[in-house]
Amino acid sequence: MQVYKAPLKDYKFLIKDFLNSSTTDLILNNSDIDQSDLEMILDEAAKFCEEELLPINQSSDSEGCIFNKGKVATPKGFIKAYKNFVENGWQGISVEKKYGGQNLPYFVNMFLDEMISSANMSFGLYPGLTSNAIDAIEKSASNEIKDLYLPKLSTGEWTGTMNLTEPQCGTDLGLIKTMASPQANGSYKITGTKIFITCGEHDLSENIIHLVLAKTPNSPEGIKGISMFVVPKIIPDEEGNLGEKNSLECSSIEKKMGINASPTCVMHYNEAKGWLVGDLHKGMKAMFIMMNGARLMVGVQGLGMAEISYQSALYYAKERLQGRSLKETKNPDKPADPILVHPEIRKNLLKIKTLTEGIRGLMAWTGLQVDISRIEKDKFKKQHSDDWIALMTPILKSFSTEVGCEASSLAVQIYGGHGYIRDHGIEQLVRDARIAPIYEGTNGIQALDLVGRKMPMHTGRLLKSFFHVVKEYLEKNSFNYNLSEFIPPLAKSFGRLQQITSFIALKGLNDPDEAAGPATDYLKMFSLVAIGYVWTQYAEISYNKGKEDPEGFYKAKIESGKYYMSKILPETGSLMSSILSGAKYYNEFDDKYFDSGFAL
Ligand SMILES: Cc1cc2nc3c(=O)[nH]c(=O)nc-3n(C[C@H](O)[C@H](O)[C@H](O)COP(=O)(O)OP(=O)(O)OC[C@H]3O[C@@H](n4cnc5c(N)ncnc54)[C@H](O)[C@@H]3O)c2cc1C
């Protein structure tokens, strides 16, 4: 059974105790809401997710979207849920007020997105893609385009899509063939085929605004020749009234492993009318500005999947009676004890719990930096926030989505055979979670971004935004008696990370494959240390709050943290050994040995 209650206590802990309170106050003041408004907003969002989205999660997965002659019908309950979503103003929650949004802090939006992803990941993709389109237009388009499209996208009357992928190009966007021919009136005619376009066609909104990457005639080769265009399904007049249908169509939707309630469309553009967003040939720049936000949000999807996996597995572990505790019977009146008594089940649950809560803190801290960067006037403080965001984006996108997959798989394991069959809806979590490491830049590409771009950027300045902070924290707390089970393991793993960072940087100077090879292991190591830093801070806060803890919330944080520090964080040791052994075992492995046991 899919079980989900929004982790509101954890959100409140993060806002009140973990995020620096003076900074959050400043940010909340900038958006005209106070702490109690914020709690009310989160409560309302939780209600919507628990009562509207969760109940249609399994049915919409079984039903899927239905394609018929260019039109896509969403599963039962989606139209009503979407109507409620937009009428309650959730779409424009962090969009600027002048475009009809509510300008709420970004970290609040992250909590909302996490709840939606847990309750119904497919549903979340419709507003999620719209948010990406809003972001791209807000940051790169002319005022004319902003004024025409943002108000209706912010209210959710119109939805958005991102069109990058083509049959011959996924990761390597330099291979794009879609062409944009300039017209005398300043518009462009867009021709080409895009595949895998999430929510490219559906029945939730009256118009769909496609952002399309294309090349113009005689543009430079590769990614330098790419531009971005806004291509509406129905062309609006200057006031935003809907006019003629544009020359584009959805020719089919994919049959796929998961997120079945969101259509993955093949889109044909046949001299469709489009308008340039940002500068000519600067499409990748516009895309990258937007992608940071989009990648963080995919990380949030991983977090949401991990949370519902945990809650569903915990519920079952308490209910399912099998075997007896090896030490003493816990349930003498019943034929067996709940499986929660078994050490293996406890370990798996704690693994998901501690990774999920740790990632949530890292995510919230990074979201807060987005807000600080937006309002900070001090150049150096803003730079520090920007550096942190740039460094953490590939880490959070990648590690969080891996954890989403692992957590859902562990949930199936905890359910045993009942997890593998469809009835309980647990196998759906595995299928839904699996896309997140693939789209918005595969996790392999995120690791290369970390090692190849973020590590050397500004001669290592981005790394310093993390390394200096942790180093100072360790020095400050080295004699903190309360943290005796936290500081030493953190210091040890942090030392390993520093050593491996220098090792990879040096190796990469002579041979880029020596840096690319261990990139995913390095990203994992980095993530584990960053989350160890988060758990150490949770413990510090929780010891200080110990006296006001009737529900044992803070005690639970301390005990969970001890599990993480002693059982999860030490994996940095094996990752380090593997990285130090070099990349030659796979890079120099003869191609012909790959199929040594058969003929391909
Ligand atoms: C359900 C779904 C929804 C999607 N939604 C959208 C959408 O809305 N809009 C959109 O434009 N696209 C969308 N996509 C496309 C998605 O972003 C791509 O699938 C993804 O970028 C990977 O491209 P690819 O599938 O062509 O894989 P490829 O690029 O062929 O990669 C295959 C493998 O090779 C690795 N690889 C490739 N190049 C390198 C390299 N240089 N170095 C190291 N490793 C490399 C990759 O990491 C991957 O493991 C969606 C896809 C799916 C399945």
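This one's a predicted model, so the numbers in the text were calculated from it and none came from an experiment. Counting starts from 1 at the beginning of each chain's written sequence and moves along it residue by residue. With pLDDT at 70 or above as the cut-off, local features in this predicted model cover only qualifying residues; side-chain atom pairs require 80 or more to be listed or tallied, and sums for whole chains, interfaces and linings still use all residues.

Peer 1: Hey, could you go over the pairing of strand β7 (residues 226–232) for me, with residue numbers and the actual values?
Peer 2: Counting buried positions along β7 yields 7 of 7 residues, so the element is predominantly enclosed. Any two strands with at least two DSSP bridges between them are considered paired. Under the scheme used here, helices are H or I runs from DSSP no shorter than 4 residues and strands are E runs no shorter than 2 residues, and both carry numbers assigned from the N terminus. Note: strand β6 (residues 207–215) against β7, 7 bridges, orientation antiparallel. Across the sheet, Lys215 pairs through a bridge with Ile226, a residue of β7. The exposure scheme places C-beta atoms from the backbone and then counts, for each residue, the other C-beta atoms within 10 Å of its own, assigning buried at 20 or more, exposed at 12 or fewer, and partly exposed in between.

Peer 1: I'd like a rundown of the nonpolar core, residues and numbers included.
Peer 2: A set of buried Ala, Val, Leu, Ile, Met, Phe, Trp, Tyr and Cys residues, joined to one another through C-beta atoms within 7 Å, is what we call a nonpolar core. In this structure, Cys49, Phe229, Val277 and Tyr522 are the most contacted members of the largest nonpolar core, which totals 174 residues. When neighbours within four sequence positions are excluded, Tyr522 is seen to be in contact with Ala447, Val451, Ile500, Ile504 and Ile579. It is the C-beta atoms, placed from the backbone, that decide contacts: two residues are in contact if theirs lie within 7 Å.

Peer 1: Run through the domain arrangement of the protein, naming residues and quoting values.
Peer 2: An automatic or database domain assignment supplies the residue ranges for each domain. Under the domain assignment used here, the protein contains domain 1 (8–140), domain 2 (158–281) and domain 3 (447–586). Each of domain 1 and domain 3 has a C-alpha centre, and these two points are 31 Å apart.

Peer 1: Lay out the site of the ligand in plain terms, naming residues and giving numbers.
Peer 2: The criterion for a residue being near a molecule or strand is a backbone-placed C-beta atom within 6 Å of that molecule or strand. Near the ligand you find 18 residues, and of these Leu164, Gly170, Thr171, Thr198 and Thr442 are the closest. Contributions of two or more residues to the shell around the ligand are made by β3 (158–163), β5 (188–198) and α13 (443–454). Throughout this entry, Asp, Glu, Lys and Arg are counted as charged residues, while Ala, Val, Leu, Ile, Met, Phe, Trp, Tyr, Cys and Pro are counted as nonpolar. The remaining residues, Gly among them, count as polar. Partitioned by chemical class, the residues of the shell around the ligand number 9 nonpolar, 8 polar and 1 charged.

Peer 1: Account for the packing of helix α2 (residues 21–30) against helix α9 (residues 343–375), with residues named and values stated.
Peer 2: Packing of α2 against α9 leaves a shortest axis separation of 10 Å and a crossing angle of 60 degrees. By the angle between their axes, α2 is oblique relative to α9. Between α2 and α9 lies a crossing of left-handed hand. Here Thr23, Thr24, Ile27 and Asn30 of α2 lie close against α9, whose contacting residues are Leu368, Asp371, Ile372 and Ile375. For the contact of α2 with α9, the per-class residue count stands at 4 nonpolar, 3 polar and 1 charged. Every angle, taken between N-to-C directions, lies between 0 and 180 degrees, and every axis is a line fitted to C-alpha atoms, over only the stretch in contact when it is a helix. Note that the term roughly parallel is reserved for angles under 35 degrees, roughly antiparallel for angles over 145, roughly perpendicular for angles of 65 to 115, and oblique for everything else. Crossing chirality is assigned from the near helix's rotation relative to the far helix, an anticlockwise turn below a right angle marking it left-handed and a clockwise turn marking it right-handed.

Peer 1: I'd like a description of the environment of Phe85, backed by residues and values.
Peer 2: Mapped onto the secondary structure, Phe85 falls in helix α5 (residues 78–87). The class of Phe85 is buried, set by 22 C-beta atoms lying within 10 Å. Once the C-alpha coordinates of Phe85 and Pro127 are considered, the two residues, 42 residues apart in sequence, prove to be 9.1 Å apart. In this structure Phe85 touches Trp90, Gln91, Pro127 and Gly156, once residues within four positions along its chain are discounted.

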